Amino acid sequence: MTSPDAIDVGRLTLALNDLRLPAIKTIWPDFAARADKEGWPAARFLAALAEHEMAERASRRIQRHLDEARLPPGKTLDSFDFSAVPMISKAQVMALAAGDSWLEKGANLLMFGPPGGGKSHLAAALGLALVENGWRVLFTRTTDLVQKLQSARRDLQLEAAIAKLDKYHLLILDDLAYVSKDQAETSVIFELIGARYERRSLLITANQPFGAWNSVFPDQAMTLAAVDRLVHHATIFEMNVESYRRRAAIERKRGPGRPPTRATIKASS
Ligand code: ADP
Ligand code: MG
């Protein structure tokens, strides 16, 4: 086996830096040694290097998108117990996790239900699966985003701030119903919904369905207009179940054996 000429190594390092091919820069000595040893044709060697760079690029991109998505840690579809929400079809969730059927047309997903029913978990888990499938996602508490947009509005930058969110195929607004009265007065959420309508998707979780949304928007007319746009192309999950944590605590107390009935859950609450 011939060892590479020092001058060739220097030229190659410079060129790979300049071309920004860091994965090839790391791997080529190993691949070259194998190619020499096993007598690979030059084309096979080149193809192996190029494919390696592509694979590394894809995984770096997904890692970047994971970092920017701000997903709460540990919430995955694998760890989501679908039997706790019998009204939700696992197959439908898995189809949504592929993304194409709804994110391409800017359709929305709305999740309603009492606290503890798994809305945030399911939203975050879907977000994670979508990033892994190549989509860009941002998970945010609704009140945090409203605060940011309000401050952008004060600087006359609201439109630009909303446009910046366009890079996310999916914006997850967790806990819409917790928007406070003074936050609602500025209507930034209304502007956001209007700007994304039929272009970019929203996933909204809320403890209260539409009827109680008057406190989120400045007035009744805006509430109606916002709801109208949100539901025009939307999937709605009504997750009306007992709190998962409370159920799990009761099951632990009972020990292994029969699953608790509704009556035992009610009696111990
Ligand atoms: P919500 O957002 O509806 O108030 P969360 O998603 O925060 O509820 O759920 C509360 C806790 O219970 C979280 O730790 C979550 O991971 C867990 N949890 C809720 N539902 C499920 C489920 N179906 N499978 C697994 N864990 C769940
Ligand atoms: Mg929640």
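Above: the structure in question.
Residues numbered from 1 in each chain as written. Chains lettered and ligands numbered in written order. Predicted model: local features only at pLDDT ≥ 70, side-chain atom pairs only at ≥ 80, totals over all residues. Heavy atoms only, no water.

## Brief notes about the pairing of strand 4 (residues 201–206)
Most of strand 4 sits inside the fold, with six of its six residues counted as buried. Neither face of strand 4 is exposed, since Ser201, Leu203 and Thr205 on one face and Leu202, Ile204 and Ala206 on the opposite face are all buried. Pairing of strand 1 (residues 108–112) with strand 4 involves four bridges; the strand directions are parallel. Note on strand 4: the bridge partner recorded for leucine 110 is isoleucine 204. Pairing of strand 3 (residues 170–174) with strand 4 involves four bridges; the strand directions are parallel. From the neighbouring strand, isoleucine 172 faces strand 4, where its bridge partner is leucine 203. (Buried < 20%, exposed > 50% of the residue type's maximum accessible area, 1.4 Å probe, protein only. Helix = DSSP H or I, 4+ residues; strand = E, 2+ residues; numbered from the N terminus. Pairing = 2+ DSSP bridges.)

## Some thoughts on helix 1 (residues 6–18)
In this model helix 1 runs 19 Å from its N-terminal to its C-terminal C-alpha over 13 residues, within 8% of the 18 Å that 1.5 Å per residue would give. The N-cap of helix 1, judged by a side-chain oxygen 2.8 Å from the amide nitrogen of isoleucine 7 a few residues on, is aspartate 5. Of the residues flanking the end of helix 1, it is arginine 20, one or two places downstream, whose phi is positive at about 55 degrees. (Expected span 1.5 Å × (residues − 1). Polar contact = N/O pair within 3.5 Å; in protein donor to acceptor, adjacent residues only side chain to side chain.)

## Considering the side chain of glutamine 183
Within the secondary structure, glutamine 183 is located in helix 9 (residues 181–184). Discounting residues that sit within four places of it in the chain, glutamine 183 has contacts with Thr143, Val146, Gln147 and Gln150. (Contact = heavy atoms within 4.5 Å.)

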